[in-house]
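A structural walkthrough
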Amino acid sequence: MAGPPPNVIKVNMDAAMAVHRNVAVISAVCRDSSGAVVKCGVSTLHGISDVELSETYAIRLGLQMAASLQVTDAFAVISRIQQPNSAIDNIQLIVEDCLAIARDFHVVFRHVRRNCNYVAHALAK
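Okay, so let's go over this structure.

The rules behind these values
Residues numbered from 1 in each chain as written. Predicted model: local features only at pLDDT ≥ 70, side-chain atom pairs only at ≥ 80, totals over all residues. Heavy atoms only, no water. Helix = DSSP H or I, 4+ residues; strand = E, 2+ residues; numbered from the N terminus. Buried < 20%, exposed > 50% of the residue type's maximum accessible area, 1.4 Å probe, protein only. Areas by Shrake-Rupley, 256 points an atom, 1.4 Å probe, with all protein chains shown as cover. Disulfide = S-S within 2.5 Å. Pairing = 2+ DSSP bridges. Salt bridge = Lys/Arg side-chain N within 4 Å of Asp/Glu carboxyl O. Axes fitted to C-alpha atoms, helices over the stretch in contact; angles between N-to-C directions. Contact = heavy atoms within 4.5 Å. Parallel < 35°, antiparallel > 145°, perpendicular 65-115°, else oblique. Left-handed = near helix turned anticlockwise from the far one by under 90°. Nonpolar A, V, L, I, M, F, W, Y, C, P; charged D, E, K, R; others polar.

So, about the overall build of the protein. Within the protein, the secondary structure is distributed over four helices and three strands. If you list the helices and strands of the protein from N to C, you get β-β-β-α-α-α-α. Within the protein, the proportion of its 125 residues that are buried is 45%. Carbon and sulfur atoms provide 52% of the accessible area of the protein, an area that totals close to 6,700 Å².

Evaluated as defined, the whole model comprises zero disulfides. Here C30 stays unpaired: no disulfide links it, and the sulfur of C40, its closest cysteine neighbor, is 8.4 Å away. C30 gets classed as buried once you look at its relative accessible area, which sits at 0%.

Below, the discussion takes up the pairing of strand β2 (residues 23-31). Within β2, nine of the nine residues are buried, leaving the element largely enclosed by the surrounding structure. Here β2 shows no split at all, with V23, V25, S27, V29 and R31 on one side and A24, I26, A28 and C30 on the other all buried. Pairing geometry for strand β1 (residues 10-18) and β2, over nine bridges, is antiparallel. By the bridge assignment for β2, A16 is matched with V25. In this antiparallel pair of consecutive strands, β1 and β2, the connection spans four residues, and N22 shows a positive phi of 60 degrees. If you look at the hairpin formed by β2 and strand β3 (residues 37-46), you'll find five residues sitting between the two strands, and G35 has a positive phi there, around 90 degrees.

For the rest of this paragraph, the subject is unusual backbone geometry. The backbone of N22 sits at a positive phi, close to 60 degrees, despite the residue not being glycine. Tracing the backbone shows N22 in the loop between β1 and β2.

What follows covers the pattern of salt bridges. Where side chains of opposite charge bring their charged atoms close, a pairing between them can arise. On inspection of all chains with the given rule, the structure shows one salt bridge. Measuring nitrogen to oxygen at the nearest pair gives 2.8 Å for the salt bridge that ties R60 to D97.

Taken in spatial order, the three strands make up an open sheet running β1-β2-β3, and their pairing is antiparallel. Each edge of the sheet is formed by a strand with only one pairing partner; in this case those strands are β1 and β3. Going from strand to strand, the sheet's axes swing by 10 degrees on average, the running direction of each strand aside. Relative to β3, β2 runs antiparallel, the two sharing nine bridges. Bridge pairing links V25 to T44 in β3.

Next up on the list: the environment of I94. Counting through the fold element by element, I94 comes out in helix α3 (residues 90-102). The contacts of I94, once residues within four sequence positions are left out, are L53, T56, Y57 and R60.

The interhelical angle for the contact between helix α1 (residues 51-69) and α3, taken along N-to-C directions, is 15 degrees, at an axis separation of 9 Å. With respect to each other, α1 and α3 are oriented roughly parallel. Crossing of α1 over α3 shows left-handed handedness. In this structure, α1 uses E52, L53, T56, Y57, I59, R60, L63, Q64 and A67 to contact α3, whose residues at the interface are N90, I91, I94, V95, D97, C98 and I101. Of the residues in the contact of α1 with α3, the class split is ten nonpolar, three polar and three charged.

This is the structure:
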């Protein structure tokens, strides 16, 4: 996997669901310009059975990790972040957390297909 430009951190996030167990696993992987993993994380979320909500939590995890380093990538969630609305729901509250974290540094939100997000997807599984 190609790395980002120099002085940029690329963050890939993903979520996997076990709906029958009411559990989601989220992951994030931070890479430097050489493509080397500089930070990664996995978290289990109990009581979560909504895909969009779990993807939103994954993005927040990735942003929190990137904030501790110094940037990022689930399509519906990225769309909500790019065009925030005034809906009051669990997802919007986390979107607002993501936007607050992102204000402190330059972040580019872009959805990538799973085949370009293999490591984060494998961690989430």
